[in-house]
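Residues per chain, in single letters:
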Amino acid sequence: MRGRSWWIKWWGMASVVMAGWCLLAMRVPPAEWAYWGFFLLLAAGDALFPIAFGLSAISFNLSVFVALFAQYGWLVTVWVAVTASLLGQLKRCCTWRRWLLQLGITVMSLLAGAGAYHACWGVAKRVLPEPQWLALVAFGLTAAGVQAGVRRVLLHPRRPRDGWASRARLWAVMVSLSTIPVGLLFVTVRPHLGLLGLVLVAVPTASAWQVLRSYAQLLYLNHQLQRLGKVTGQFAAELNYDRTVRAIGDAVRQLVEQDVWGLYVVDKLSGWLEPVIVEKASGQPLSLEELAVWQSASQLFQRHLNRRAPVVLVRDDLGEAMPDKALAALCLVPLVHDGRARGMLVVGRAGITTFSRVEKMLLGIIASEAIVAIENALKFRQTEYRSRVDELTGLTNARTFEALLHEAVARAAERGECLSVVLLDLDGFKWLNDTFGHQAGNEMLKKVAQILRENVRRDDVVARLGGEEMAVMLPGVGLDEAAEVAERVRRAIEQQAVITVRTLDRGHPVSVRVTASLGVATYPDVATSARELMRYADRAMYLGAKRRGRNRVAVYGRV
């Protein structure tokens with residue numbers, strides 16, 4: 001489905017080109033119409049069905065242009081090229097900017113070739129009996145070189161520099177140069193055998209061209225499938241969530257030419273698509289304003305979430321809903337896992353409004369493998385999180401706290417900084433469990449854990465070591481400041497650690513509170529290692545706080 005403005009724009013340009021073609025045709029005898037139609041048919045056929053590598057095409061039209069230039073000059077050659085290019089660009093649904101750029105490149109290369117022809121003719125006619133052939137070769141080489149060079153610089157600056165791209169470019173150069181002798185053959189046959197001779201030459205040539213085209217398509221598809229297996233294997237074997245997303249982006253950039261790509265995942269709570277990453281083809285992240293626009297576009301993508309096949313959305317169909325005004329088309333590929341849509345892969349192009357069947361197939365395979373890799377990475381992250389966190393309180397567990405403490409001590413020694421540890425033990429917690437049950441004890445532990453998080457910095461590490469014993473690691477904090485933090489925590493627990501429970505015998509509601517005894521030790525003031533730091537803080541807590549009446553703070557070295 002295309003918008004009405006799209007058709008008006010393209011048919012308007014087509015009318016301009018055809019009008020120029022008719023005016024040009026009026027200047028020649030009617031007998032030449034057959035030859036013009038023959039060359040136009042060859043040029044149009046190659047423009048509509050070229051040998052393609054992704055979005056790159058190898059042109060056979062150089063032979064047609066060489067023959068036309070030899071017979072009718074640059075004006076007829078340019079108009080045949082413009083007409084054939086119009087048909088090819090309409091088939092590929094390019095934007096009008098890209099269409100004008102392609103036409104400009106074609107016309108510029110032909111005019112440069114005409115200049116090289118006349119320059120070579122002027123030099124060669126003094127030394128050669130038949131200078132036209134050398135001049136026509138100069139025309140073909142110049143036109144091919146200018147066109148290939150300008151397209152390389154302007155249209156494909158982001159093409160990956162791998163071995164395949166180099167071989168494809170080399171083959172493109174060889175095939176393009178091989179068409180120059182075909183054009184010279186057309187020039188030779190035309191005066192002697194006329195249109196019939198040209199047809200006899202063109203039929204086997206076109207047949208060979210179709211064989212080359214089929215071979216190129218199979219070769220390209222085989223290469224893309226091999227690359228697909230390699231890149232999907234890379235992110236399928238990755239368990240880190242961030243690296244998995246990056247690997248998916250690398251796969252999209254290697255297999256499909258695009259200007260921007262994004263990955264959206266369905267939020268399990270809201271059910272709406274949320275952007276995970278949106279990047280340009282160069283790998284650069286978008287600005288905050290651009291990200292906000294793409295996030296708002298998730299409502300548009302949500303409408304196509306339940307469709308199982310890739311969907312191509314064109315600018316004229318979307319209007320103001322297109323996230324990026326410079327984009328011409330978006331390909332939306334749902335990420336389906338276990339029969340449910342879990343996200344969406346979005347690929348955008350600025351110059352071309354279509355995606356080939358091969359590209360849709362590749363994106364579909366990437367999407368099917370990507371959602372499996374994302375689900376595995378999320379499960380691994382959840383498992384890793386559970387292995388590091390106490391399930392009841394959500395605090396860091398003892399094993400992780402010990403590892404982090406050793407790293408923090410080494411870092412503090414390297415930087416010459418202080419590091420303090422506060423250990424706390426709840427007073428009367430055993431009585432609470434025995435009187436009101438373990439459910440009441442668990443509720444109290446959650447309450448105390450919340451109080452601890454609210455009274456320390458975000459960078460401080462709060463952990464549950466086991467039972468009712470907890471710890472706080474304070475990087476960069478000295479002994480006096482750590483004692484102040486411990487006293488603040490003690491007062492907060494004394495005032496806020498209150499829960500309402502029911503008695504086990506009659507079920508009456510009762511308000512219960514607890515207090516805490518805390519011990520403080522600091523590296524390197526009193527301890528020289530992580531083990532000493534924990535031992536001295538534990539000694540201060542039991543000997544300095546518990547044995548001296550509880551509900552107090554004891555600092556090792558001052559007890």
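Residues numbered from 1 in each chain as written. Predicted model: local features only at pLDDT ≥ 70, side-chain atom pairs only at ≥ 80, totals over all residues. Heavy atoms only, no water.

(A) Representation of the pattern of salt bridges. Counting across every chain of the model gives 13 salt bridges. Between Arg253 and Asp250 there is a salt bridge; the shortest N-O distance is 2.7 Å. With Arg253 and Asp250 both in helix H8 (residues 241-255) and 3 residues apart, this pair spans about one turn of that helix. Glu359 is the partner of Arg349 in a salt bridge, and the nearest nitrogen-oxygen pair spans 2.4 Å. Taken together, the positions of Arg349 in strand S7 (residues 340-349) and Glu359 in helix H12 (residues 357-388) put the pair 10 residues apart, joining distant regions of the chain. What you see here is one network of salt bridges that share partners, running through Arg246, Asp250, Arg253 and Glu279. (Salt bridge = Lys/Arg side-chain N within 4 Å of Asp/Glu carboxyl O. Helix = DSSP H or I, 4+ residues; strand = E, 2+ residues; numbered from the N terminus.)

(B) Representation of helix H2 (residues 33-48) in the model. Helix length check: H2, at 16 residues, gives a terminal C-alpha distance of 22 Å against a target of 22 Å (1.5 Å per residue), a fit within 8%. Those residues of H2 that fall on the buried side of the exposure criterion are Tyr35, Trp36, Phe38, Phe39, Leu40, Leu42, Ala43, Ala44, Asp46 and Ala47. (Expected span 1.5 Å × (residues − 1). Buried < 20%, exposed > 50% of the residue type's maximum accessible area, 1.4 Å probe, protein only.)

(C) Seen up close, the packing of helix H3 (residues 61-72) against helix H4 (residues 74-92). With their axes 7 Å apart at the nearest point, H3 and H4 run at an angle of 145° to one another. Across from Phe65, Leu68, Phe69 and Tyr72 in H3, the residues of H4 making contact are Trp74, Val76, Thr77, Val80 and Ala81. A class-by-class count of the residues in the contact of H3 with H4 yields 8 nonpolar, 1 polar and no charged. (Axes fitted to C-alpha atoms, helices over the stretch in contact; angles between N-to-C directions. Contact = heavy atoms within 4.5 Å. Nonpolar A, V, L, I, M, F, W, Y, C, P; charged D, E, K, R; others polar.)

(D) Region of the structure containing the sheet that holds strand S3 (residues 260-266). Taken in spatial order, the 5 strands line up as S4-S3-S7-S6-S5 in an open sheet, and their pairing is antiparallel. Of all the strands in the sheet, the pair left with one neighbour each is strand S4 (273-280) and strand S5 (311-314). If you compare each strand with its neighbour and ignore which way they point, the axes differ by 20° on average. Sheet topology note: the S3/S7 ladder contains 6 bridges and is antiparallel. Pairing of Val260 across the sheet is with Gly348, part of S7. (Pairing = 2+ DSSP bridges.)

(E) Up close: the side chain of Thr232. When you line up the elements, Thr232 lands in helix H7 (residues 163-236). Given a relative accessible area of 9%, Thr232 falls into the buried group. A polar side-chain atom of Thr232 sits 2.6 Å from the main-chain carbonyl oxygen of Leu228. (Polar contact = N/O pair within 3.5 Å; in protein donor to acceptor, adjacent residues only side chain to side chain.)

(F) Local environment of the packing of H4 against helix H5 (residues 96-124). Following both chains from N to C, one finds H4 and H5 inclined at 155°, their axes separated by 10 Å at the closest point. In this view, H4 runs roughly antiparallel relative to H5, as classed from their interaxial angle. In the packing of H4 onto H5, the handedness of the crossing is right-handed. Together, Trp74, Thr77, Val78, Ala81, Val82, Ser85, Leu86 and Gln89 of H4 and Trp99, Gln102, Leu103, Thr106, Val107, Leu110, Leu111 and Ala114 of H5 make up the contact between the two elements. (Parallel < 35°, antiparallel > 145°, perpendicular 65-115°, else oblique. Left-handed = near helix turned anticlockwise from the far one by under 90°.)

(G) Focus on the environment of Ala486. Along the polypeptide, Ala486 turns up in helix H16 (residues 479-496). Given the relative accessible area of 1%, Ala486 is considered buried. Separated by 34 residues in the primary sequence, Ala486 and Leu452 have C-alpha atoms spaced 9.9 Å apart.

(H) Representation of the packing of aromatic side chains in the model. Here the structure, examined in full by the defined rule, presents 10 aromatic pairs. Summarising the aromatic geometry, the rings of Phe69 and Phe139 are spaced 4.4 Å apart at their centres and angled 10° between planes, so their arrangement reads as stacked. Of this pair, Phe69 sits in helix H3 while Phe139 sits in helix H6 (residues 131-154), placing them 70 residues apart in sequence. On the accessibility criterion, Phe139 (0% relative accessible area) is buried. Put simply, the rings of Phe69, Tyr117, Trp121 and Phe139 touch in pairs and so form one group of aromatic residues. Over the ring of Phe355 we find Arg349, and its NZ or CZ is 4.2 Å from the ring centre. When the ring centre of Tyr241 is taken as reference, the NZ or CZ atom of Arg381 above it lies at 4.6 Å. (Phe/Tyr/Trp six-rings, centres within 6.5 Å; stacked < 30°, edge-to-face > 60°. Lys NZ or Arg CZ within 6 Å of the ring centre and 35° of its normal.)

(I) Representation of the pairing of strand S10 (residues 469-475) in the model. A large share of S10 lies buried, amounting to 6 of its 7 residues. Strand direction decides the pairing type here: strand S8 (residues 419-427) and S10, joined by 7 bridges, are antiparallel. Directly across from Val421, in S10, lies its bridge partner Met473. The pairing of strand S9 (residues 461-466) with S10 spans 5 bridges and is antiparallel. Bridging from a neighbouring strand, Val462 pairs with Val472 of S10.

(J) Local environment of the nonpolar core. Membership of the largest hydrophobic core comes to 54 residues, with the highest contact counts inside it found for Phe39, Val80 and Phe186. Put simply, the parts of the chain that give this core at least two residues each are helix H1 (4-25), H2, H3, H4, H5, H6 and H7. Apart from residues no more than four positions distant in its own chain, Phe186 is found in contact with Phe39, Leu42, Ser63, Ala67, Leu198, Val201 and Ala202. If you look at the next biggest cluster of nonpolar residues, it comprises 37 residues, including Val422, Phe436, Met444 and Val485. (Core = buried A, V, L, I, M, F, W, Y, C linked by side-chain atoms within 4.5 Å.)

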